[in-house]
Amino acid sequence: MSLSMAIDMFSLSLSVLIAITLALLLANYKSSISKNKKKLPPGQMGLPWIGETIDFIKAQKKNRLYEDFIQARIQKHGKTFKTRLMGYPTVVVNGAEANKFFLSNEFKLVVSSWPSSSVQLMGENSIMEKQGDAHRCLRGIVATSLSSSGLEGLVPRICQTIGTHLEKYWNGGEKVISLYSLTKVLTFTIVLECLLGIEVKPGMLDLFERVLEGVFATPVNFPGSKFSRAKSARKEIENVLVDIIRRKRKEMEKRKEKGGEEEGILLSRLVGALIRGEISEVEVVDNVVLLVFAAHDTTSFAIAMTFRMLANHPNCCSVLEKEHNDILSCKGPEETLTYEDTKKMNYTWQVARESMRIFPPIFGSFRKAIDDIEYDGYTIPKGWKVLWTAYGTHYDEEYFEDPLSFNPDRFEDPIQPYAFVPFGGGPRLCAGYQLAKLNILIFVHYVVTRYNWSLVSPDEPITIDPFHSLLKECPLEFPQSCHDTM
Ligand code: HEM
């Protein structure tokens, strides 16, 4: 090759290189211009990293998240505003339209986004962490047992469990019992024994409660910290569950060899999917843990709030009692409730829904934008968090007239879609909604038809920890010495 040819080649390569560099610079410049053009929602990001987290948690602890945090910012900035929570830039969205947009665009524009401590303790393989096809597969398995037809057969078992629970804890002769703590024991037993088919052994509830205490703690594994105690409790639960799952697997494989049918109970469905190779053992463990957590604290809080509202609204209580006495009067002395009976408890469900409207057991949850999202005239950048809350519609008079007053009759008329969202919506709509409903209705039935009760402190303060609500005790009193009036 001559010297001049070499020089030509060199200058050609140099020009190509310069052209590529210029093109890249231009593209970068264009994208930064378009990024600058994005209109972010209004709002304050607060201090570096910590943002407005302290105000958020303070408001939540006092059970004034709406009044002190959300409402104040809606008034200042509008229904869509930005803030920074727990290190993340976050857009808080409010209103039925926002709920519909973000909840129904799960997997397309947003994905559910839980704190790292929750993911580590609930398990990375639980349904709440799954997306797309993996989510659909697990949801299919879980939903079969939790659908109306799946639950119909569970009604006698739930009635029996509630009967045994009342006999053991309510008929002991005490004048005052703690409604909230006891319903936690009950809902734990219902999800484990009735739904999953796992016998509750002594100490199990304590182990689960220890995990729950760490779910929103800082995820640092210092010996003695809340998180590390929760982690070791989770390990113990895992060991117990692996044992149960392996025994179940052997039992089912033996039965299959003999040509027997698969049982319909949820643990058997999960283990059936494990045998068919659709899910792994760790997925079975993580989803059993998740179901217990998703079910027991939420349902017990909803029950406690229903009784609080009944205690504070004696007229509603009388209407509700009549509904249950009418059902009871059509039954023989030994007859238990049926699924058909629960369908007659319309007013009770109105009362429970109105209680969950005012006191949602889960205040809302976080999503993460998987792309830049255009919403309400603003851009929510990819990677930012989005927080939807039940309060954003439940306390808005656009959807609920005189929103702070307790009025179960408002549920006689249809409610605008995505305005009443204690169970969320879209592809992640609560999978256990029907079970929670049955649990609440049947429990209320047994209590109001058997006991003469009143609440010791009907206005007991409620504190929130930060994603689930806590009551200290919700003490319930039996004004007459005899509890059981039947
Ligand atoms: C009053 C009681 C309950 C309330 C208020 C409640 C509320 C919720 C809410 C708001 C969500 C959606 C969270 C989100 O969008 O990020 C959810 C999801 C879920 N709930 Fe419930 N829940 C209750 C009872 C139950 C019960 C009894 C079970 C099962 C036995 C259950 C199982 C689930 C599951 C598995 C999910 C995750 C669904 C998914 O990611 O596809 N829940 N619940």
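Residues numbered from 1 in each chain as written. Predicted model: local features only at pLDDT ≥ 70, side-chain atom pairs only at ≥ 80, totals over all residues.

**Student:** It is not clear to me how unusual backbone geometry should be interpreted in this structure. Could you clarify?
**Tutor:** Most peptide bonds are trans, and most residues other than glycine sit at a negative phi. In this structure, Asn63 takes a positive phi of about 55° despite not being glycine. Locating Asn63 in the fold gives a position in the loop between helix 2 (53-61) and helix 3 (65-77). Its 18 C-beta neighbours within 10 Å are what place Asn63 among the partly exposed residues. In this structure, Met86 takes a positive phi of about 45° despite not being glycine. The exposure class of Met86 is partly exposed, given the 18 C-beta atoms found within 10 Å. (Helix = DSSP H or I, 4+ residues; strand = E, 2+ residues; numbered from the N terminus. Buried ≥ 20, exposed ≤ 12 C-beta atoms within 10 Å, placed from the backbone.)

**Student:** It is not clear to me how the site of the ligand should be interpreted in this structure. Could you clarify?
**Tutor:** Taken together, 25 residues lie near the ligand, and Ala295, Thr298, Gly424, Cys430 and Gly432 sit nearest. At the level of elements, helix 6 (132-146), helix 9 (179-196), helix 13 (281-312) and helix 18 (433-450) are the ones that each hand at least two residues to the shell around the ligand. Broken down by element, the residue count for the shell around the ligand peaks at six residues, all from helix 13. Broken down by class, the residue content of the shell around the ligand amounts to 17 nonpolar, six polar and two charged. (Near = placed C-beta within 6 Å. Nonpolar A, V, L, I, M, F, W, Y, C, P; charged D, E, K, R; others polar.)

**Student:** Can you help me understand the packing of helix 11 (residues 226-257) against helix 13 in this one?
**Tutor:** Two packed helices can be described by the angle between their axes and the distance between those axes. Remark: helix 11 packs on helix 13, axes separated minimally by 10 Å, with the N-to-C direction vectors making an angle of 120°. Of the possible angle classes, the one that applies to helix 11 and helix 13 is oblique. Our pair here, helix 11 against helix 13, has a crossing hand that is right-handed. For the pair helix 11 and helix 13, the contacting residues are Ile237, Glu238, Leu241, Val242 and Ile245 in the first and Glu281, Val284, Val285, Val288 and Val289 in the second. Across the contact of helix 11 with helix 13, the residue classes tally to eight nonpolar, no polar and two charged. (Axes fitted to C-alpha atoms, helices over the stretch in contact; angles between N-to-C directions. Parallel < 35°, antiparallel > 145°, perpendicular 65-115°, else oblique. Left-handed = near helix turned anticlockwise from the far one by under 90°. Contact = placed C-beta atoms within 7 Å.)

**Student:** Before we go on, may I ask you to explain the pairing of strand 1 (residues 80-85) in this structure?
**Tutor:** Every regular strand shows the same layout, with side chains that alternate between the two sheet faces. Most of strand 1 sits out of view: six of its six residues are buried. Across the two faces of strand 1 the burial is the same, with Thr80, Lys82 and Arg84 and Phe81, Thr83 and Leu85 all buried. Relative to strand 2 (residues 88-93), strand 1 is paired through six bridges, and the arrangement is antiparallel. Opposite Phe81, over in strand 2, you have Val92 as the bridge partner. Taking the residues between adjacent antiparallel strands as the criterion, strand 1 and strand 2 are bridged by two residues, where Met86 takes a positive phi near 45°. (Pairing = 2+ DSSP bridges.)

**Student:** Can you walk me through the sheet that holds strand 8 (residues 385-389) in this structure?
**Tutor:** Strand order in the open sheet formed by five strands is 1-2-8-5-3, with mixed pairing between adjacent strands. Here the strands that pair on one side only, and so sit at the sheet edges, are strand 1 and strand 3 (110-112). Sheet twist, expressed as the mean angle between neighbouring strand axes with direction ignored, is 35°. Here strand 2 pairs with strand 8 via four bridges, running parallel. Looking across to strand 8, one finds that Val93 is bridged to Trp388. Helix-sheet contacts for helix 4 (residues 96-104) involve strand 2, strand 3, strand 5 (364-369) and strand 8, and the interaxial angle to strand 8 is about 130°.

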